[in-house]
Amino acid sequence: MTEQPLWLTRLALKRPVTISMLFISLLLFGVLASRMLPLEKFPGIDIPQIYINVPYRNATPAEVERLITRPIEEALATIPGIQAIRSSSNENSADISLDFKWDESISAKGLEVRERLDSIRALLPSDVERVLVFQFNTDDMPIFQLRISSERDLAMSYDLLEQQIKRPLERVPGVSKVELYGVAKRQVIIRLDPEKMRALQVDAQQLLSQLRQSNFALTAGELRNDHQSILVKPIGEYKEIAEIAALPIRPGLQLGDVANVALELPKLEDGRHLNQTYAVGMNVYRESGANLVDVAQAALAVVQAADQNPAFQGISLYVMDDMAKGVTSSLKDLLMAGGIGALLSFAVLFLFLRHLTTTLVVVLSVPAAIIIALGAMHTLGYSLNILSMMGLMLAIGMLVDNAVVVTESIFRERAQGGDVRAATERGVKRVSLAVLAGTATTAIVFLPNIIGQKMELTIFLEHVAIAICLCLAISLVMALSIIPLLTTRLNVTVRDNANGSRCERWYRSTLSRVMRFPKVSALLALLTLASIVVPMGGIGSDNYSGEDDTRLVINYHIQGNYSLDEVRNEVRTMEAFLYSRKEEFHIESVYSYYRSGYAFTMVMLHEGLPMPIDTLKETIRHDWPALVRSRPAYGFSGGSGGLQLHLNGQSTEVLMQLADELQPSLQSLAAIAEVNSDLARGQQEVQILLHSDQLARYNISAEQVAQSVALALRGVNLRTFRSQDQGELQMRLIYDERISHSMSELADLPIAVRDNVSIQLAQLAELQVAPRLNQIRRFDRQTGLALRMELASDADMDQARTQIRQLMEQVALPDGYNWSFQGSFQRQNEEQQVMMVNMLLAVAMIYIVMAALFESLLLPNAVIGSLLFSMVGVFWTFFLTGTPMGVMGMIGMLVLMGIVVNNGIVLVDRINQDRAAAPEADLRPLIISACEARLRPILMTVSTTVLGLLPLALGGTQLAGDGPSYAPMAIAIIGGLLFSTLTSLLLVPLTYYGLVRLREATSRLLHGSSRWANKVWQFE
């Protein structure tokens, strides 16, 4: 060939030492960088959600909605970029969640939210102490959770846990924060005696004001002279508890005469059980950028040291949700799968090449490319996480492709004899366009996910794409430089087999028949393409719910206004049942959380469950005890996940009535196993109906009554009490507990003192008990209710959607009420739509790349057809293997689109080269000869890719160790690639032949038309 060799190859062959040293330097840098790469579960990504929590204790949901939730919603609703607003008003707080678009700057939105909240702060109740605003990042998840349980009482163990575990954990390098909950410091509680307050005519509001003014420390200024400056600081802080009790209220009357002042533990509002004993919780967080595994190991060492401490005798320390364990497990599984795939690929390459050294050169290019890619990731600021590891795993099977194609082309040229260097340059030049186009098309399919519409799936796919693209780019450079350099140093006897191997002879014969009967072949191809209709109707959707298959979550759905003790009894009944059949249910441990009105139990299962998780769930559900105060069901409540049907309207009472009517119908559907509502009945409230005439008579405002009742039941926080032994302690003023246990005591509550007479609540108002809601939910500023459903074990999401829609179309909702699919239903729709659009954009980009490289608008169509046949292969493979279509399967299809065109590109590129070398040759034999010359590299690259992914397809490797399985993704790539290869080897040449003939016929037609037009013109 007279063409100049590729400049990169020419440089490598001309300056071998320079290129070798550069390559070794990059390898060393990659090795060092791989040790410095942060190891994480997820990359640091800002979740586009802002959560506002407004604590407001002992209030009714209706009051919280009116006074807090609605004003905040109105203030925040006009912020640009909001996709959804969800709120929940309950008896202790208002919770508002704002969902933004993924391409919004969540930090900027957080500042805007805080500004809006500050602007309406005066509109909120005066006793709202805090408005909490939370933003989330994947780095904010705890690296592990610690549960501390004991048969002995842990209520007084705060100091022990803080000094022996919490503080040592905080000193671990890389640990940013440690949360301890379930046990708290004691507080200074001032409990007013209502009888003494009435007898001694003490006004509670005046006493509150006096207490607020008596405990302070203030910097008042400085005393200055020519020589010094002395700070002046009046100090009125309490030093001892006795000082508080001795506070004079009026002459002859001290605080201790009407109240009891003592150190008390905070009132228990929730509880935790671990293995049927009371437990305390602790969460450990790491600093952003710190190595997850290193920090977790160091923190766990502190936990193990504490476990050996004699002070912890009888105390059990149990580690839950160890994130590092999931990452290392996933990494181990990926390395194992990659190792097996590499060995299989090595065996196949050796069978094709029949030369050990050459095979080693090709195979070792894979780890070399990955090591250099790790160095590039470190330079670009990326971390090593489960997503980048998935990208590296997918790249393993593709990295060898360029090296195989280049090596095979070099040895084919060397078989013709002549100078080894010249043959090497010719071999690289022959396939340089093909490997460049193949690499570009494989990488470009991810571009729509990076620059297109942002959503959770595409954001995470970006990190997969970066790893794949870096590896492919490096493998391309190596295939055009270091691989040719090494092959020139190999002393290989290359035999030119003129007749070809048996496989090549069979392929030549089959392709000849296909080219001889183009119409019949095209008809068979169309029938094959149309056969996709059969598997498409028989493939279900993936029902992965995001839950870990190694645990079960049981939500109790408390049905009434029950106390903490009553809810605890429900939990104990369920725990007793689970432990009575611990071996049968394969239970490792049981953890429960409960509070008034809410509880859940998490069942941790042994690894290697011998039965499907759905079968175990059904067995437990069938036999669990009938609970009086709750309706247990699987799954967490709240949030936006799971299968949800939303009912929206004006009245929560009407919505609950509609839900009660719909639940039996939904439960009867074949695709639905369980239906539960977020809201429960049976709650009650005490309403205080004020008499305006009495208020006017005693000159008492309604606000003063409300504040007095709030002081009695809710209490008021005062300035903190500083103790030398226990540090800073919270100080609270509240009435004696008997006020909150009896309506009669509440009715006798002293409100004010008029003319030395104590005015009681009963004199100003009437108390009555009325039913109330336990919670008011709103979706997009409209009152709503969520029905949460669980799929039957033999059903998929599409079946459930169809059956629910058919049912709801028969239901006549009142005017102003509507329903909608939410949760997983909505997320599945959004993901499928975005992935479909991105796939179509990927096809367009693949066409653009091939048109630019081939300098033709027509010839890329010969390759594009292989994409269609790859989809046929995917759906038939899913259908025959019983694999459902889900997100992982769609990711596999996206990756597949970039791979399958490589075979067609290699064929078309060789045909174009042979036509350029022999433009007068007969087209059909030329096409057959060119395709036969490319058969070996195609078979080798396909074999290595398939075998590299085979362990993932057959194994149980999961994303992060507890996420979705890699199998659907690997199955999609393997099935589509194999089917597309078989069809591409026959149909790409046929399509190419037809397109060239079409172009020639069109050219003749245009030429003939032009000639006749000239004749007509001359005649005239």
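Just so it is clear, the model here is predicted, and its values are computed rather than measured.

What counts as what
Counting from 1, residues in each chain are numbered in the order their sequence is written. Given that this is a predicted model, residues contribute local features only at a pLDDT of at least 70 and side-chain atom pairs are listed and counted only at 80 or more, while totals for whole chains, interfaces and linings are drawn from all residues. Only hydrogens and water are set aside when side-chain values are computed; all heavy atoms of the structure are taken into account. Axes here mean lines fitted to C-alpha atoms, for a helix over just the part in contact, with angles spanning 0 to 180 degrees between N-to-C directions. Counting from the N terminus, the helices are the DSSP runs of H or I reaching at least four residues and the strands are the DSSP runs of E reaching at least two. Note on convention: near helix rotated counterclockwise from far helix by under a right angle means a left-handed crossing. Clockwise means right-handed. Between two residues, a contact is recorded if the distance between any of their heavy atoms is within 4.5 Å. Classification convention: Asp, Glu, Lys, Arg as charged; Ala, Val, Leu, Ile, Met, Phe, Trp, Tyr, Cys, Pro as nonpolar; all other residues, Gly among them, as polar. UniProt positions are given in the numbering used here, feature names are shortened, and annotations may be inferred rather than shown by experiment. The span you would expect from a helix comes to 1.5 Å times its residue count less one. Exposure is judged per residue with a 1.4 Å probe applied to protein chains only, and the accessible area is read against the type maximum: over 50% gives exposed, under 20% gives buried, and values in between give partly exposed. Here the bend at a residue is taken as the angle between two axes, fitted respectively to the seven residues that end there and the seven that start there. Distance and chemistry together define a polar contact, namely a pair of N or O atoms within 3.5 Å, with one atom able to donate a hydrogen and the other to accept it when in protein, and with adjacent residues in sequence counting only for side-chain atoms on both sides. Put simply, two rings from Phe, Tyr or Trp (the six-membered ring, in Trp's case) pair if the centres are within 6.5 Å, and we call them stacked under 30 degrees between planes, edge-to-face over 60, tilted for the rest. Charge-over-ring placement is defined geometrically: NZ (Lys) or CZ (Arg) within 6 Å of the ring centre, and within 35 degrees of the ring normal. Residues form patches when they are more than 30% accessible in relative terms and have no salt bridge. Like charges link within 9 Å. Nonpolar side chains (Val, Leu, Ile, Met, Phe, Trp, Tyr) link within 5 Å. Values of accessible area rely on a 1.4 Å probe in the Shrake-Rupley scheme; residue burial ignores everything except the protein chains shown. The working definition used for a salt bridge is a side-chain nitrogen of Lys or Arg within 4 Å of a carboxyl oxygen of Asp or Glu. Buried residues of nine kinds, namely Ala, Val, Leu, Ile, Met, Phe, Trp, Tyr and Cys, make up a nonpolar core once their side-chain atoms join them within 4.5 Å. A pair of strands is considered paired only if DSSP assigns at least 2 bridges between the two. Any angle from 65 to 115 degrees is called roughly perpendicular, while one under 35 is roughly parallel, one over 145 is roughly antiparallel, and all others are oblique.

Where helix H17 (residues 502-516) meets helix H30 (residues 923-933), the closest approach of the two axes is 10 Å, and the angle between their N-to-C directions is 145°. Our pair here, H17 against H30, has a crossing hand that is right-handed. On the side of H17, the interface is formed by Glu504, Tyr507, Arg508, Leu511, Ser512, Met515 and Arg516, while H30 contributes Arg924, Ile927, Ile928, Cys931 and Glu932. A per-class count over the contact of H17 with H30 returns 6 nonpolar, 1 polar and 5 charged.

Locating Leu718 in the fold gives a position in strand E23 (residues 716-723). Separated by 135 residues in sequence, Leu718 and Leu853 place their C-alpha atoms 76 Å apart. Excluding anything up to four places from it in sequence, Leu718 contacts Ile190, Leu208, Leu211, Arg212, Gln730, Met731, Arg732 and Leu733.

Residues given the UniProt feature "domain: SSD" (unreviewed entry) here are residues 363-485. The span residues 363-485 shows a helical share of 86% and a strand share of 0%, and its end C-alpha atoms are spaced 15 Å apart.

Moving on, we come to helix H31 (residues 935-954). Between its first and last C-alpha atoms H31 spans 28 Å; for 20 residues at 1.5 Å apiece the expected length is 28 Å, and the two agree. Burial analysis of H31 places 15 of its 20 residues in the buried class, which makes it a mostly covered element.

Moving on: helix H13 (residues 420-444). The end-to-end C-alpha distance of H13 is 35 Å, a good match for the 36 Å that 25 residues give at a rise of 1.5 Å each. Along H13, the helix axis deviates most sharply at Val431, where the bend reaches about 45°. Sitting at the head of H13, Asp419 places a side-chain oxygen 3.2 Å from the backbone nitrogen of Arg421.

Per the stated rule, a full pass over the model turns up 9 aromatic pairs. Three or more aromatic residues joined by ring pairs make a cluster, and in this case those are Tyr591, Tyr593, Tyr598 and Phe600. Between Lys177 and the ring centre of Tyr285, over which it is positioned, the NZ or CZ distance is 4.6 Å. We note Arg801 situated over the ring of Phe821; from NZ or CZ to the ring centre the distance is 5.6 Å.

Next up on the list: a nonpolar patch on the surface. Together, Phe517, Val520, Leu523, Leu524 and Leu527 line one region of the surface with nonpolar side chains, adding up to about 500 Å² of accessible area. Looking at the secondary structure, you find Val520 in helix H18 (residues 518-530).

To continue, consider the pattern of salt bridges. When the charged atoms of two side chains with opposite charge come close together, those side chains can pair. Enumeration over the complete set of coordinates arrives at 35 salt bridges. In this structure, Glu65 and Arg778 form a salt bridge, with 3.7 Å as the shortest nitrogen-oxygen distance. Of this pair, Glu65 sits in helix H3 (residues 61-76) while Arg778 sits in strand E28 (residues 775-779), placing them 713 residues apart in sequence. This pair shows no difference in class: Glu65 is buried, exactly as Arg778 is.

This next bit is on the nonpolar core. Generally speaking, nonpolar side chains in soluble globular proteins are found buried as a group. Grouped together as the largest cluster of nonpolar side chains are 178 residues, with contacts concentrated most on Ile148, Ile165, Leu169, Leu317 and Leu394. The contact partners of Leu317, leaving out residues within four places of it in the chain, are Leu146, Arg147, Ile148, Ile165, Val303, Ala306, Asp307 and Phe312. In terms of nonpolar packing, the next biggest core, distinct from the first, is built from 43 residues, Ile249, Leu255, Ala259 and Tyr735 among them.

In terms of burial, strand E17 (residues 587-595) is a largely internal element, 7 of the 9 residues being buried. For E17 and strand E18 (residues 598-605), the ladder comprises 8 bridges, and the chain directions are antiparallel. Residue Arg595 lies in a different strand from E18, and its bridge partner there is Tyr598. In this structure, the hairpin formed by E17 and E18 is closed by a connection of 2 residues, where Gly597 is found at a positive phi of approximately 90°.

This part takes up the packing of helix H27 (residues 824-854) against helix H28 (residues 860-881). Contact pair H27 / H28: the axes reach a minimum separation of 10 Å and the direction vectors enclose 150°. As the angle between them shows, H27 and H28 are arranged roughly antiparallel. The interaxial crossing formed by H27 with H28 has right-handed handedness. Of the residues in H28, those touching H27 at Val843, Ile846, Tyr847, Met850, Ala851 and Phe854 are Pro860, Asn861, Val863, Ile864 and Leu867. Looking at the contact of H27 with H28, its residues break down into 10 nonpolar, 1 polar and no charged.

By the secondary structure assignment, Ser592 is in strand E17. At 2.6 Å, the side chain of Ser592 and the side chain of Glu575 are in polar contact. Among residues more than four places away in sequence, those in contact with Ser592 are Gly271, Arg272, His273, Val571, Glu575, Phe600 and Thr601.

Let us look at the pairing of strand E13 (residues 270-274). Regular strands place their side chains on alternate faces of the sheet. The element E13 is largely enclosed, with a buried count of 5 among its 5 residues. Side chains Asp270, Arg272 and Leu274 project from E13 onto one buried face, and the interleaved Gly271 and His273 project onto a second face that is buried too. Sheet analysis places E13 next to strand E14 (residues 277-286), joined by 2 bridges and oriented antiparallel. Bridge pairing links His273 to Tyr278 in E14. Taking the residues that link successive antiparallel strands as the turn, the E13-E14 hairpin has 2 residues, and the phi of Asn275 there is positive, at about 55°.

A few words now on the environment of Arg167. The residue Arg167 is located in helix H5 (residues 158-170) in this model. Spatially, the C-alpha atoms of Arg167 and Lys177 are 9.9 Å apart, while their sequence positions differ by 10 residues.

Unusually for a residue other than glycine, Gln201 sits at a positive phi of about 50°. Of note, Gln201 is situated in the loop between helix H6 (194-199) and helix H7 (204-214). With relative accessibility at 29%, the residue Gln201 sits in the partly exposed group. A positive phi angle, near 50°, is found at Asp321, a position not held by glycine. Take Asp321: it is sitting in the loop between strand E15 (315-320) and helix H10 (323-353). Owing to a relative accessible area of 31%, Asp321 belongs among the partly exposed residues under this scheme.

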